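# Commentary on secondary and tertiary structure
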Amino acid sequence: VDGDTTPDVGGCDLLYVVYTSPTTITDLDGGYAGQEVTIACGNGSAITIKDVAGAGKFALNGSADLVIQNTDTVKVVCVAPGGTPQWYEVSRSNN
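As a starting point, this report considers the structure included with it. (Residues numbered from 1 in each chain as written. Predicted model: local features only at pLDDT ≥ 70, side-chain atom pairs only at ≥ 80, totals over all residues. Heavy atoms only, no water.)

## Topic: the sheet that holds strand E7 (residues 73-78)
Spatial ordering of the open sheet is given by E1-E3-E7-E8-E5, a layout of five strands whose pairing is mixed. Only two strands of the sheet have a single partner each, and these edge strands are strand E1 (14-17) and strand E5 (58-59). One ladder, built from two bridges, connects E5 with strand E8 (residues 87-93); its direction is parallel. Bridge pairing links Ala59 to Tyr88 in E8. (Pairing = 2+ DSSP bridges. Helix = DSSP H or I, 4+ residues; strand = E, 2+ residues; numbered from the N terminus.)

## Focus: the sheet that holds strand E2 (residues 23-25)
Strand order across the open sheet formed by three strands is E2-E4-E6, with mixed pairing between neighbours. At either end of the open sheet lies a strand with only one pairing partner, and these are E2 and strand E6 (66-68). Put simply, the sheet's adjacent strands are angled 25° from each other on average, direction ignored. (Axes fitted to C-alpha atoms, helices over the stretch in contact; angles between N-to-C directions.)

Rendered as structure tokens:
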């Protein structure tokens, strides 16, 4: 859903997002322990992935928010469903 700040990833391993305006993702709904999800940004607006330091549910490399755009990706793993942080960064690709 365009502009969804907590997209549902229940049962999926790829979240391909194309938002029409800049959006901040603070959490992923429907995750389970051990689930790995790749967030891929299409050719829409930039997406900010919010680190726990900025009130998000992601533990990101460098403890800072991550902005992805165009064909960039970030892979995260769910380690604590409902916890903070809930998602840990595994890798990223700046394309």
